[in-house]
Amino acid sequence: MAVEPIIVGIDGSADSVRALKWAAEYARLVEAPLVGLVAWQLEPVYGYMAMTNWETAESVEGEAREMLAETIRTTLGEDAQIEHRSVRGHAAQVLVEASHDAQLVVVGSRGHGGFTGMLLGSVSQHVVTHARCAVTVMPHEDQHKK
């Protein structure tokens, strides 16, 4: 019997690192495979910037894979039992798609694009309302609270 994985969205933000730690512990407790997922996409560039912007899909994906590997390595260690998955697309859509074959999706409440004061970022909000499995959203840790 195959066990559905725990999917954790990772973007390198402090909230996604907290989500990774929590997901790894939960996956260990329920004896489920763990998948660290990073979504990436090329941003459309227009005008003069399009002529000088030499980013390619391969370079953007390479940076995403490198960030994913480094985040996992520094958070869980070299020997972490976790599948690394890099998927082209918007993070919210990629995580919802991954939820179709998962038992749980874990995300941080806000990633790098969050606006100060928001309770939930747009990605976590979209995943909560559209996922096909349970979703855990790690609360944002306010850096100003002591």
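As a reminder, the structure under discussion sits directly above these lines.
As a starting point, this report considers the structure included with it.

What about the side chain of Thr 75?
Within the secondary structure, Thr 75 is located in helix H3 (residues 57-76). At 2.7 Å, the side chain of Thr 75 forms a polar contact with the backbone oxygen of Thr 71. Setting aside chain neighbours within four positions, we find Thr 75 in contact with Val 17, Leu 20 and Lys 21.

Considering the side chain of Thr 71
Looking at where Thr 71 falls in the secondary structure, it is placed in helix H3. Residues contacting Thr 71, with those up to four places away along its chain left out, are Ile 10, Gly 12, Val 17 and Leu 20.

Quick word on the pattern of salt bridges
Across all of its chains, the model carries five salt bridges by this definition. Arg 73 is paired through a salt bridge with Glu 70; the nearest N and O atoms lie 2.6 Å apart. You can see Arg 73 and its partner Glu 70 sitting in helix H3, three residues apart, about one turn around the helix. A salt bridge links Arg 85 to Glu 83; its shortest N-O distance comes to 3.3 Å. On the basis of relative accessibility, which here comes to 38%, the residue Glu 83 falls in the partly exposed class. Through salt bridges that share partners, Glu 70, Arg 73 and Glu 78 make up one connected network.

Side note on the pairing of strand S2 (residues 34-40)
Within S2, six of the seven residues are buried, leaving the element largely enclosed by the surrounding structure. Note that strand S1 (residues 6-9) and S2 share four bridges and pair parallel. Counted as the bridge partner of Ile 7 is Val 35 from S2. Summarising the sheet, S2 and strand S3 (residues 83-88) pair through six bridges and their orientation is parallel. Within the sheet, the bridge partner assigned to Leu 37 lies in S3 and is Arg 85.

What counts and how
Residues numbered from 1 in each chain as written. Predicted model: local features only at pLDDT ≥ 70, side-chain atom pairs only at ≥ 80, totals over all residues. Heavy atoms only, no water. Helix = DSSP H or I, 4+ residues; strand = E, 2+ residues; numbered from the N terminus. Polar contact = N/O pair within 3.5 Å; in protein donor to acceptor, adjacent residues only side chain to side chain. Contact = heavy atoms within 4.5 Å. Salt bridge = Lys/Arg side-chain N within 4 Å of Asp/Glu carboxyl O. Buried < 20%, exposed > 50% of the residue type's maximum accessible area, 1.4 Å probe, protein only. Pairing = 2+ DSSP bridges.

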